[in-house]
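# Residue-level structural notes
Here's the letter readout for the chains.
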Amino acid sequence: EPEVTQTPSHQVTQMGQEVILRCVPISNHLYFYWYRQILGQKVEFLVSFYNNEISEKSEIFDDQFSVERPDGSNFTLKIRSTKLEDSAMYFCASSPIMNTEAFFGQGTRLTVV
Amino acid sequence: GIQVEQSPPDLILQEGANSTLRCNFSDSVNNLQWFHQNPWGQLINLFYIPSGTKQNGRLSATTVATERYSLLYISSSQTTDSGVYFCAVEGWDSNYQLIWGAGTKLIIKP
């Protein structure tokens, strides 16, 4: 069964460093998303991406964040200068079309020290 | 924006018991999904159920869209069912994003 894959599963980085979280969405899907979950809190929407551009973004997704689909298979989330409060679980998701089931990856646990 | 409330927040049961988890939402939705987050933090898709009833093994779900609620039923609970169960919805005015409830933390004791 096709699945969304995320790498790495856990990343530790120093404050101020840049990190890139990687995702491979399901191959025939057209919509891609990033969500995050701070420990013990709700899952929060960050950004959606369609047709090589951002469709919608939340207030959390400020200038420190960027997304890219560098090739036909990968979808990345970059955090330019990490802060302690960026420590969270980051989930990538994809869906075939809008307003349908979104399939989630296993997540990347980012720890900023 | 749309609000999502889940109840109960915590539930402790003995193995073999049945449980019902509830998700209320404040407006019409065009997408509703149930997820299980395991102790390692991974999200597992359970159901895509904007309306109607679905069953998958010991789990089933029902969404009554006109009354703005969804129920997740777990029968004959097993210890591996432990974790947090999330309901997430996409409202008609919140395209492209799922709005998540706070979750129900389920603990199944052997």
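As a further point, take the state of the cysteines. All names here are of chain A. Under the counting rule described, the total for this entry stands at two disulfides over all chains. Here Cys23 connects covalently by a disulfide to Cys92, the sulfurs 1.9 Å from one another. Handedness here is read from the sign of the S-S torsion; for Cys23 and Cys92, about -65 degrees, the answer is left-handed. Note that Cys23 is positioned in strand 3 (residues 19–24) and Cys92 in strand 9 (residues 88–95), a separation of 69 residues in sequence. The burial state of Cys23 is the same as that of Cys92; both residues are buried.

Our next topic: the pattern of salt bridges. Per the stated rule, a full pass over the model turns up three salt bridges over all chains. Close ionic contact of Glu44 of chain A with Arg36 of chain A constitutes a salt bridge, the shortest N to O distance being 3.3 Å. Of the residues examined, Glu44 of chain A reaches a relative accessible area of 25% and is grouped as partly exposed. The partner of Asp81 of chain B in a salt bridge is Arg58 of chain B, with the nearest N and O atoms 2.9 Å apart.

Moving on: the sheet that holds strand 8 (residues 69–74) of chain B. Backbone hydrogen bonds hold the strands of a sheet together, and the pairing may be parallel or antiparallel. Residues and elements named next belong to chain B. Overall, antiparallel pairing links the five strands, which are arranged 1-3-8-7-6 in an open sheet. The sheet is open, and its two edges are formed by strand 1 (4–7) and strand 6 (52–56), each paired on a single side. Pairs of neighbouring strands in the sheet enclose a mean axial angle of 15 degrees, with direction left out of account. Sheet topology note: the strand 7 (residues 59–64)/strand 8 ladder contains six bridges and is antiparallel. Bridged to Thr63 within strand 8 is Ser70.

Once that is clear, we can look at the nonpolar core. Counting residues in hydrophobic clusters, the biggest one holds 22 residues, and the most contacted among them are Trp34, Phe47, Leu72 and Val89 of chain B. Residue assignment for this core shows that the elements contributing at least two residues are strand 2 (10–14), strand 3 (19–25), strand 4 (29–37), strand 5 (43–48), strand 7, strand 8, strand 9 (83–91) and strand 11 (104–109) of chain B.

Once that is clear, we can look at the interface of chain B and chain A. Frequently, the measure chosen for interface size is the accessible area that the parts lose on association. With 21 residues of chain B at the contact, the number on the chain A side is 22 residues. Carbon and sulfur atoms supply 51% of the area buried between chain B and chain A, which totals about 1900 Å² over both sides. At the junction of chain B with chain A, the criterion picks out zero salt bridges. Where chain B packs against chain A, one counts seven residue pairs in polar contact (both at pLDDT 80 or more). At the level of elements, strand 4, strand 5 and strand 9 of chain B are the ones that each hand at least two residues to the side of chain B that touches chain A. By residue number, the principal contributor to the side of chain B that touches chain A is strand 4 of chain B, which donates five residues. Class assignment of the residues belonging to the side of chain B that touches chain A gives a composition of ten nonpolar, ten polar and one charged.

By secondary structure assignment, the location of Phe45 of chain A is in strand 5 (residues 43–50). Between the C-alpha atom of Phe45 of chain A and that of Tyr31 of chain A, which follows or precedes it by 14 residues, the distance is 14 Å. Not counting residues up to four positions away in its chain, the partners in contact with Phe45 of chain A are Tyr33, Trp34, Tyr35, Glu56, Lys57, Ser58 and Ile60 of chain A together with Tyr96, Gln97 and Leu98 of chain B.

The rules behind these values
- Residues numbered from 1 in each chain as written.
- Chains lettered and ligands numbered in written order.
- Predicted model: local features only at pLDDT ≥ 70, side-chain atom pairs only at ≥ 80, totals over all residues.
- Heavy atoms only, no water.
- Disulfide = S-S within 2.5 Å.
- Helix = DSSP H or I, 4+ residues; strand = E, 2+ residues; numbered from the N terminus.
- Buried < 20%, exposed > 50% of the residue type's maximum accessible area, 1.4 Å probe, protein only.
- Salt bridge = Lys/Arg side-chain N within 4 Å of Asp/Glu carboxyl O.
- Pairing = 2+ DSSP bridges.
- Axes fitted to C-alpha atoms, helices over the stretch in contact; angles between N-to-C directions.
- Core = buried A, V, L, I, M, F, W, Y, C linked by side-chain atoms within 4.5 Å.
- Contact = heavy atoms within 4.5 Å.
- Buried area = accessible area lost by both parts, 1.4 Å probe.
- Polar contact = N/O pair within 3.5 Å; in protein donor to acceptor, adjacent residues only side chain to side chain.
- Nonpolar A, V, L, I, M, F, W, Y, C, P; charged D, E, K, R; others polar.

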